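Next come the chains, spelled out residue by residue.
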Amino acid sequence: QVQLVESGGGLVQAGGSLRLSCAASGDTSRVSAMGWFRQTPGKSREFVAAVSWGADDTAVRDSVKGRFTISRDNAKNTVYLQMNSLKPEDTAIYYCAAIRTNSRNYYNEYAYSYWGQGTQVTVSS
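So, a few notes on the structure that sits alongside this text. (Residues numbered from 1 in each chain as written. Predicted model: local features only at pLDDT ≥ 70, side-chain atom pairs only at ≥ 80, totals over all residues. Heavy atoms only, no water.)

1. A look at the side chain of Arg67
Item 1. Its location among the elements puts Arg67 in the loop between β6 (58-60) and β7 (68-73).
Item 2. Other than its neighbours up to four places away in sequence, Arg67 contacts Gln82, Met83, Asn84, Ser85, Leu86, Lys87 and Asp90. (Helix = DSSP H or I, 4+ residues; strand = E, 2+ residues; numbered from the N terminus. Contact = heavy atoms within 4.5 Å.)

Spelled out as structure tokens, the structure:
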């Protein structure tokens with residue numbers, strides 16, 4: 001099993017920045033990639049960004065490209081999501097997730113086996 005714990009959410013004004021962290025513990029040797037999704041009430045969860053664990057392979061949704069950056073620290077088993085130039089439409093619960101099957105279907109939430117509890121990000125206008 002793999003446990004994921006997110007941190008770094010909060011309230012920020014439009015144009016501001018936040019950095020989310022996701023620390024993985026447990027049997028992390030099985031993790032091949034980690035990603036971030038977000039969800040707002042009444043909507044389905046949507047992909048934000050992902051990074052592979054063993055190679056420099058990343059994916060970022062178009063609406064956040066140039067503003068959000070995903071990175072990893074293998075030594076700390078931690079993935080980061082740096083969010084700059086935040087907009088009110090970025091308001092959501094952000095979830096960290098991990099893939100253990102070597103799948104590169106990063107955009108598909110069903111490719112992920114493990115999920116964190118989520119952290120709230122609120123961007124005020």
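Having seen the structure, we can now continue with the description.
2. Some thoughts on the pairing of strand β11 (residues 119-124)
Item 1. Going residue by residue along β11, you find Thr119, Val121 and Val123 tucked away on one face and Gln120, Thr122 and Ser124 left uncovered on the opposite face.
Item 2. Across 4 bridges, strand β2 (residues 10-13) lies against β11 in parallel orientation. Within the sheet, the bridge partner assigned to Gln13 lies in β11 and is Ser124.
Item 3. In terms of strand pairing, strand β9 (residues 92-99) meets β11 through 3 bridges, oriented antiparallel. (Buried < 20%, exposed > 50% of the residue type's maximum accessible area, 1.4 Å probe, protein only. Pairing = 2+ DSSP bridges.)

3. Comments concerning the pairing of strand β5 (residues 46-52)
Along a regular strand, successive side chains alternate from one face of the sheet to the other.
Item 1. Buried residues dominate β5, accounting for 6 of its 7 residues.
Item 2. Sheet analysis places strand β4 (residues 33-39) next to β5, joined by 6 bridges and oriented antiparallel. Note that in β5 the partner of Trp36 across the bridge is Ala49.
Item 3. In this structure, the hairpin formed by β4 and β5 is closed by a connection of 6 residues, where Gly42 is found at a positive phi of approximately 85°.
Item 4. As judged from the 3 bridges shared by β5 and β6, these two strands associate in the antiparallel manner.

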